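# Observations on the three-dimensional arrangement
The residues making up each chain are set out below.
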Amino acid sequence: MGEHHQDTELIHAGEGAATAARAVTTPVYSSTTFSFDSASELEAYQQGRSTSYIYSRYANPTVQAVEAKLAAAEGGAAALVLSSGMAATSTALFGLLEPGDEVICSAAIYGGTLQVLTSFLARFGVTSRFVSMEELGQLAPVIGPQTRVVWFESPTNPTLRCVDIASVTSACRARDVVSVVDNTFASPAYQQPLSLGADLVMHSATKYLNGHTDVTAGALIGSKEMIDRLQPARKLFGGVLEPASAYALGRGMKTLAVRIARHNASAMTIAQWLESHPRVSRVFYPGLDSHPDHDVARRQMRGFGGMICFESRDGQAGAVGLFDRLKLFLRAASLGGVESLCSLPVLTSQYGLSDDQLALAGVTRGMVRLSVGLEDPRDLIADLSQALS
Ligand SMILES: *Cc1c(COP(=O)(O)O)cnc(C)c1O
């Protein structure tokens, strides 16, 4: 028994011991608040003269440890981790835009991003223009006097079209427009948009960054000035990540490079195998010579990632049949985890679109999307082989 009554000891006993333990990993600092020795120490904090913490919604040591990894991964000066990819997207957009501003957004964009722009930002006087791959490729004449942000993804979902990032960002720089790249599909292991001139990188860290299908998180990475500009938005909108989830994300990120190398090697093998299969009419993988953006991908990526899209020669019935016959690939949305997943774009990301809208998105009813996991690729090919026959 310590020097206080038991109820008091229950609260204070053992706390703070981890700091002296010389732990190799940053522990989960689940504390929501942090204490000060004196009024003058608190005043120093308020005046920005100390690096201590006050409240976990503002900053937390476990969260900061994973932010340092995110910044390092993307070659940025600073990063913010948030409670989901959508928290990152909405925090960035609301943090950057004012009434009267215009966003130019790729038409091939994550559905949630499109909805934030059309359903929410529109209510606050921000207009959005959705542009084709061709317009993104020749951006200078598309940028208008009110354009403040250009937002795009590369590779895109599901056909893995690649945008020439350096060309978009140089057109943005010439007009003082903020360029934002959703780098979720490529992961920073193989593509670093900041080095290609982007102002901000956004991630659904739920996918490759965490890599184990058990954390929902998002990230924003950029210069110190950019992150300082967005930090108040995260603090006040409140989309912070819980320390326990931040710890798990940081653990996942330690193996990013080796995971991506395996995802990439297996996906290349599977894409080549699919391309020679008689029941497959087309394979979309940026690493294949046949992909329309193979040259762009080779220029700006160090590898081509773990996502593959292919088209059944037997249309939607063929795609549905093989989907239902899979035994190892799991029928699930999302991507980037150790487990191989399969989805049908017309039943997930492009659900409910008309034939015209599908054509605009370059999506057909016979398309199948794979997120190639870390299983032995021979087992994955055997599963696809039995499902396709
Ligand atoms: C999943 C995803 C998002 C949204 O991220 P959440 O973590 O689900 O909020 C945004 N962009 C892309 C490309 C995604 O795949």
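The rules behind these values
- Residues numbered from 1 in each chain as written.
- Predicted model: local features only at pLDDT ≥ 70, side-chain atom pairs only at ≥ 80, totals over all residues.
- Heavy atoms only, no water.
- Near = heavy atom within 4 Å.
- Polar contact = N/O pair within 3.5 Å; in protein donor to acceptor, adjacent residues only side chain to side chain.
- Areas by Shrake-Rupley, 256 points an atom, 1.4 Å probe, with all protein chains shown as cover.
- 1 Å grid on protein atoms, 1.4 Å probe; cavity = no way out; pocket = protein on both sides within 12 Å on 5 of 7 lines; lining within 4 Å.
- Sits in = over half its atoms within 2 Å of the grid points.
- Helix = DSSP H or I, 4+ residues; strand = E, 2+ residues; numbered from the N terminus.
- Nonpolar A, V, L, I, M, F, W, Y, C, P; charged D, E, K, R; others polar.
- Contact = heavy atoms within 4.5 Å.
- Domains from an automatic or database assignment.
- Buried area = accessible area lost by both parts, 1.4 Å probe.
- Salt bridge = Lys/Arg side-chain N within 4 Å of Asp/Glu carboxyl O.
- Points joined across faces, edges and corners; volume = space filled by probe spheres on them.

### A short note on the site of the ligand
Around the ligand there are 14 residues in total, and Met-86, Asp-182, Ser-204, Thr-206 and Lys-207 lie nearest to it. Residue Thr-206 places a side-chain N or O atom 2.7 Å away from an oxygen atom belonging to the ligand. One nitrogen or oxygen atom from the side chain of Lys-207 is found 2.8 Å from an oxygen atom belonging to the ligand. Its free accessible area being 380 Å², the ligand has 89% of it covered by the protein chains. Its atoms largely coinciding with the cavity grid, the ligand occupies the largest pocket. Elements that contribute at least two residues to the shell around the ligand include exactly helix H4 (85–96) and strand S6 (200–204). A per-class count over the shell around the ligand returns six nonpolar, five polar and three charged.

### Considering the side chain of Thr-169
Here Thr-169 lies in helix H7 (residues 165–174). Excluding anything up to four places from it in sequence, Thr-169 contacts Ser-179, Leu-196, Gly-197 and Ala-198.

### A closer look at the domain arrangement of the chain
According to the domain assignment, the chain contains domain 1 (39–253) and domain 2 (256–388). A separation of 26 Å is found between the C-alpha centroids of domain 1 and domain 2. Listed per partner, the contact involves 29 residues of domain 1 and 39 residues of domain 2. Buried surface at the junction of domain 1 and domain 2, both sides included, amounts to about 2,800 Å², of which 58% is carbon and sulfur. We note a salt bridge from Asp-293 to Arg-161, for which the minimum N-O separation is 2.5 Å. Connecting domain 1 to domain 2 are 17 residue pairs in polar contact (both at pLDDT 80 or more).

### Here we look at empty space enclosed by the protein
For the structure shown, the criterion picks out one cavity of 30 Å³ or more. Roughly 40 Å³ of volume is contained in the largest cavity. If you go around the largest cavity, the residues you meet are Pro-155, Leu-160, Phe-185, Ala-186, Met-301, Phe-304, Gly-305, Gly-306 and Met-307. For the lining of the largest cavity, the per-class residue count stands at seven nonpolar, two polar and no charged.

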